[in-house]
Amino acid sequence: MNLKRLLSLILIAALAGPTLAAAASATATTGAKATQSGADFDAWFDARMKVAQKAMSEKRYAQVREVVQELEKALLRVDPAYDEKSQWAYVLDFKRFVLYEMGDQEAAVASCRQSVDVLGANDWPYLAEFNVVRAARRACHNMLAYEQSAVATTVAQHEAAIAQIELCFKTVAPIEDVSVLDNFYETRATVYLKANTVTKNKYQQQLFDTLVRADARQLALDEDPQFAGIMKSPAYLNFKKEYKKDRKHSSRNTSDNEEST
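Residues numbered from 1 in each chain as written. Predicted model: local features only at pLDDT ≥ 70, side-chain atom pairs only at ≥ 80, totals over all residues. Heavy atoms only, no water.

Re the overall build of the protein
Move 1: The helix and strand inventory of the protein stands at 13 helices and 0 strands.
Move 2: Helices and strands in the protein line up, N terminus first, as α-α-α-α-α-α-α-α-α-α-α-α-α.
Move 3: Across the 261 residues that make up the protein, the buried fraction comes to 47%.
Move 4: Across the protein, contacts joining residues at least 24 apart in sequence account for 67% of those joining residues at least 6 apart.
Move 5: Entry remark: accessible area of the protein is about 13,300 Å², with carbon and sulfur atoms responsible for 51%. (Helix = DSSP H or I, 4+ residues; strand = E, 2+ residues; numbered from the N terminus. Buried < 20%, exposed > 50% of the residue type's maximum accessible area, 1.4 Å probe, protein only. Contact = heavy atoms within 4.5 Å. Areas by Shrake-Rupley, 256 points an atom, 1.4 Å probe, with all protein chains shown as cover.)

Okay, structure coming up:
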């Protein structure tokens, strides 16, 4: 498993956007500032997130965790109802990422469950400010799927992992580019491969479908030996041939996001 794909920190996709633009000239202030609301709090929040981002890029994870804890406490004071979804998305995703990087896998998974619960599914599909929320949710569903699949010993547990990765792929808006899902195909293929192994090929079609779509996206999953063998098999090659035929005859009304998932 490519850890970059597993962790998929939203700062890669989102922190260059407008959400933190207000922090460009802001400076960090004392923690007391966090008790304020409105523009003052937003400026303080953005400045502290910039600090966390810089520390993350320099792999100073202890400092990242410290800033994230500070921001989480501040948000709990000023927004206990979790209304400011984008701010919560940044904080919780940094929290998940830094916990995993520091070796606390159990806490990282727990943070994912918290994020999914807090951020919910009630976003606005045509508002760009919710892109970061969707990105955080996708990253969490992806990690939950991978971790659940890794320890699954029963069909039900594998199905739970499948449910998580499919939630990841369903968490996408029409205004987002199809590339937002690219980091998650490897987990999707891994989850279906493991489930297929214990269910007598029940999920072979889903596995093949994932691999052929990843191949169409040029994601190079065939660099992984476990996928490379499958992608050379007669059964897969026949599926790929039929897939291409179906694509040629598919309705032009199908959106890019629907086609990619």
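Some points on the packing of helix α7 (residues 131-151) against helix α8 (residues 155-170)
Packed helices, taken two at a time, are described by the angle between their axes plus the distance between the axes.
Move 1: Packing of α7 against α8 brings their axes to within 8 Å, and their N-to-C directions diverge by 160°. Of the possible angle classes, the one that applies to α7 and α8 is roughly antiparallel. In the crossing of α7 with α8, the sense of the turn from one axis to the other is left-handed. Taking contact as the criterion, the partners of Arg138, His141, Asn142, Leu144, Ala145, Gln148, Ser149 and Val151 in α7 are, on α8, Gln157, His158, Ala160, Ala161, Gln164, Ile165, Leu167 and Cys168. (Axes fitted to C-alpha atoms, helices over the stretch in contact; angles between N-to-C directions. Parallel < 35°, antiparallel > 145°, perpendicular 65-115°, else oblique. Left-handed = near helix turned anticlockwise from the far one by under 90°.)

Some points on helix α9 (residues 185-198)
Move 1: In a regular helix each residue adds 1.5 Å, so 14 residues correspond to 20 Å; α9 covers 20 Å between its end C-alpha atoms and thus fits that length.
Move 2: Across the 14 residues of α9, 11 count as buried, placing the element largely inside the fold.
Move 3: Of all the residues in α9, the buried ones are Tyr185, Glu186, Thr187, Arg188, Ala189, Thr190, Val191, Tyr192, Leu193, Ala195 and Asn196.
Move 4: Just past α9, the residue Lys200 takes up positive phi, approximately 55°. (Expected span 1.5 Å × (residues − 1).)

Section: the pattern of salt bridges
Move 1: On inspection of all chains with the given rule, the structure shows 13 salt bridges.
Move 2: In this structure, Lys54 engages Glu58 in a salt bridge whose closest nitrogen and oxygen atoms are separated by 2.7 Å.
Move 3: On the basis of relative accessible area, Lys54 is assigned to the partly exposed category, the value being 49%.
Move 4: What makes Glu58 partly exposed here is its relative accessible area of 40%.
Move 5: Arg213 is paired through a salt bridge with Asp209; the nearest N and O atoms lie 2.8 Å apart. You can see Arg213 and its partner Asp209 sitting in helix α10 (residues 204-216), 4 residues apart, about one turn around the helix. The same class applies to Arg213 as to Asp209, namely buried.
Move 6: Within the structure, one salt-bridge network assembled from shared partners comprises Lys54, Glu58 and Arg60. (Salt bridge = Lys/Arg side-chain N within 4 Å of Asp/Glu carboxyl O.)

Quick notes on a negative patch on the surface
Move 1: A cluster of acidic side chains, namely Asp40, Asp42, Asp83, Glu84 and Glu129, defines a negative patch on the protein surface.
Move 2: Inspection of the secondary structure puts Glu129 in the loop between α6 (105-119) and α7. (Patch = residues over 30% accessible without salt bridge, like charges linked within 9 Å, V, L, I, M, F, W, Y side chains within 5 Å. Lys, Arg positive; Asp, Glu negative; His and termini not counted. Charge placed at Lys NZ, Arg CZ, Asp CG, Glu CD.)

What about the environment of Ala189?
Move 1: You can see Ala189 is positioned in helix α9.
Move 2: The spacing of Ala189 and Ile165 is 24 residues in sequence and 9.7 Å in space, taken between C-alpha atoms.
Move 3: Setting aside chain neighbours within four positions, we find Ala189 in contact with Leu207, Thr210, Leu211, Leu221 and Phe227.

Notes on the packing of aromatic side chains
Move 1: A full pass over the atoms with the stated rule returns 7 aromatic pairs.
Move 2: With a centroid separation of 5.8 Å and 40° between ring planes, the pair formed by Tyr192 and Tyr203 is classed as tilted. Pair noted here: Tyr192 is in helix α9 and Tyr203 is in the loop between α9 and α10, with a separation of 11 residues, a long-range link.
Move 3: On the basis of an interplanar angle of 65° and a centroid distance of 5.7 Å, the ring pair of Phe208 and Phe239 is categorised as edge-to-face. In this pair, Phe208 sits in helix α10 while Phe239 sits in helix α12 (residues 234-249), placing the two residues 31 residues apart along the sequence.
Move 4: Phe208 sits in the buried class, given a relative accessible area of 6%.
Move 5: An aromatic cluster is defined as three or more aromatic residues linked by ring pairs; in this entry it consists of Phe41, Trp44 and Phe45.
Move 6: One Lys or Arg, Arg188, reaches over the ring of Phe169 and ends 4.0 Å from the middle of that ring. (Phe/Tyr/Trp six-rings, centres within 6.5 Å; stacked < 30°, edge-to-face > 60°. Lys NZ or Arg CZ within 6 Å of the ring centre and 35° of its normal.)

A closer look at α7
Residues spaced three or four apart along an α-helix face the same direction, because each turn holds 3.6 residues.
Move 1: The terminal C-alpha atoms of α7 lie 31 Å apart, and with 21 residues this matches the ideal 30 Å at 1.5 Å per residue to within 8%.
Move 2: Among the 21 residues of α7, 18 are classified as buried, and the element is accordingly described as predominantly covered.

Take it as geometry only, folks, not as evidence of what the structure does.
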